[in-house]
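Below, each chain spelled out in residue letters.
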Amino acid sequence: MIKQSICDAVRDGRLRPGDRVPSEAELVQQFEVSRMTANRAVRELQAAGVVVRRAGSGSFIAEPRPIGQMIEIRNIAEEIRQRGHAYRARVIQNREERANVETAPLLEVSVGTKLFHSIIVHHEAEFPIQIEERFVLASIAPEYGSLDFTRMTPNEYLTRIAPLERVEHRVCATMPDERIRGMLGLSESEPVLQMTRRTWSRSRLVSHAWLTHPGTRFELSAAFSIDD
């Protein structure tokens, strides 16, 4: 009854994407059920993609699941705006570093090479939809560390100053750590979809990025044609 009631409210427009769903305590009182039953109903709605839980805030009606382009390199800000939603970026860090034994292999450089290391959370309609953690070769993109990535995305800058020659993608589903869960507002049981993207320009490996999305609110697609 709880699931049907919420689904009916979404269908007829009484509940819209981003609207708050009644709390478990409110559902217990409204439907005269146990707390366990109310919790199960919300969890099953979450698994079906109808609602999304945000740690510390409650449950909300989910946006239609956005579909990202896996092969085509697109600007996430453009993708979000094309879906008719507001875009916002939160820059966690953007700093210069020297490659160490762990980060040097990411860009196939020597230990001590100058890199930039950025972490940005991209929001769609105020919901965090992607964490972009990126290492960039400073010799190819010397201004990277001084740019304001709330005004432009790393993708915009890099495609302008370092034309793409080669792209490598790898995608996996995984369970996030506490840091990632906090940035994406996930519960402990929610997985993430993580893409590793490496890009080359001027015969050099320029960028290594991890693009992490909420697994229950995002999917990737690709399409291509084969010439005869």
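All of the points below concern the structure found in this document. Just so we're clear, the structure is a prediction, and the values are computed from it rather than from any experiment.

## Describing the overall build of the protein chain
Alright, step 1. In terms of regular secondary structure, the protein chain is built from 6 helices and 10 strands.
Alright, step 2. Across the protein chain, contacts joining residues at least 24 apart in sequence account for 59% of those joining residues at least 6 apart.
Alright, step 3. For the protein chain, the computed accessible surface area is about 12300 Å², with 48% contributed by carbon and sulfur atoms.

## Quick word on the packing of aromatic side chains
Here a ring pair, both rings aromatic, is described through the centre-centre distance and the interplanar angle of the planes.
Alright, step 1. All chains considered together, the criterion is met by 5 aromatic pairs.
Alright, step 2. When the ring of Phe-60 is compared with that of Phe-127, the centres are 6.4 Å apart and the planes differ by 75°; the resulting orientation is edge-to-face. Taken together, the residues span a long stretch of sequence, with Phe-60 in strand β2 (residues 58–61) and Phe-127 in strand β6 (residues 127–137) at a distance of 67 residues.
Alright, step 3. Overall, the relative accessible area of 12% leaves Phe-127 in the buried class.
Alright, step 4. Ring centres 6.2 Å apart and planes at 85° place the aromatic pair Phe-135 and Trp-210 in the edge-to-face group. Of the two residues, Phe-135 is situated in strand β6 and Trp-210 in strand β9 (residues 204–214); the sequence distance between them amounts to 75 residues.
Alright, step 5. Relative accessible area serves as the criterion here: at 22%, Trp-210 is assigned to the partly exposed category.

## Focus on the pattern of salt bridges
Alright, step 1. The final tally for this structure, using the stated rule, is 12 salt bridges.
Alright, step 2. Each of Glu-108, Arg-166, Glu-168 and Arg-198 takes part in a single network of salt bridges with overlapping partners.

## Structural notes on the sheet that holds strand β4 (residues 87–98)
Alright, step 1. Strand order in the open sheet formed by 6 strands is β4-β5-β6-β9-β8-β7, and the pairing between neighbours is antiparallel. Of all the strands in the sheet, the pair left with one neighbour each is β4 and β7 (166–174). Neighbour-to-neighbour, the strand axes of this sheet turn through a mean angle of 15°, independent of strand direction.
Alright, step 2. Sheet strands in contact with helix α5 (residues 154–161) are β5 (114–124), β6 and β9, and its direction is about 35° off that of β6.

## A few points about unusual backbone geometry
Alright, step 1. A positive phi angle is found at Glu-108, which is not glycine, with a value near 55°.
Alright, step 2. Structurally, the position occupied by Glu-108 is in the loop between β4 and β5.
Alright, step 3. Assessed through its relative accessible area of 55%, Glu-108 is described here as exposed.

## Points about the side chain of Arg-181
Alright, step 1. For Arg-181, the location among the structural elements is in helix α6 (residues 178–184).
Alright, step 2. The charged side chain of Arg-181 is buried without a salt bridge, its nearest counter-charge being Glu-188 at 4.5 Å.

## Quick word on the packing of helix α2 (residues 24–31) against helix α3 (residues 35–47)
Alright, step 1. For the pair α2 and α3, the least separation of the axes is 9 Å and the interaxial angle reads 115°. The two elements α2 and α3 cross, and the hand of that crossing is right-handed. When α2 is examined against α3, the residues Glu-24, Ala-25, Leu-27 and Val-28 are found in contact with a partner set consisting of Arg-35, Ala-38, Asn-39 and Val-42.

## Re the environment of Val-167
Alright, step 1. Within the fold, Val-167 resides in strand β7.
Alright, step 2. For Val-167 and Arg-198, which are 31 residues apart along the polypeptide, the C-alpha to C-alpha distance reads 5.8 Å.

## Observations concerning helix α1 (residues 2–11)
Alright, step 1. Along α1, the residues classified as buried are Ile-2, Ile-6 and Ala-9. Projected onto a plane normal to the axis of α1, the buried residues spread over an arc of 60° and lie on a single side.
Alright, step 2. On its buried face, α1 is in contact with α2, α3 and β2.
Alright, step 3. Directly after α1, the chain includes Gly-13, whose backbone phi takes a positive value near 90°.

## Here's the deal with the pairing of β2
Alright, step 1. When strand β1 (residues 51–54) meets β2, the two strands line up antiparallel, connected through 4 bridges. Paired with Arg-54 across the bridge in β2 is Gly-58.
Alright, step 2. Where β1 folds back onto β2 in an antiparallel hairpin, the turn is made up of 3 residues, including Gly-56, whose phi is positive at roughly 85°.

What counts and what doesn't
- Residues numbered from 1 in each chain as written.
- Predicted model: local features only at pLDDT ≥ 70, side-chain atom pairs only at ≥ 80, totals over all residues.
- Heavy atoms only, no water.
- Helix = DSSP H or I, 4+ residues; strand = E, 2+ residues; numbered from the N terminus.
- Contact = heavy atoms within 4.5 Å.
- Areas by Shrake-Rupley, 256 points an atom, 1.4 Å probe, with all protein chains shown as cover.
- Phe/Tyr/Trp six-rings, centres within 6.5 Å; stacked < 30°, edge-to-face > 60°.
- Buried < 20%, exposed > 50% of the residue type's maximum accessible area, 1.4 Å probe, protein only.
- Salt bridge = Lys/Arg side-chain N within 4 Å of Asp/Glu carboxyl O.
- Pairing = 2+ DSSP bridges.
- Axes fitted to C-alpha atoms, helices over the stretch in contact; angles between N-to-C directions.
- Lys, Arg positive; Asp, Glu negative; His and termini not counted.
- Left-handed = near helix turned anticlockwise from the far one by under 90°.
- Arc of directions from axis to C-beta.

Geometry only, nothing functional implied.
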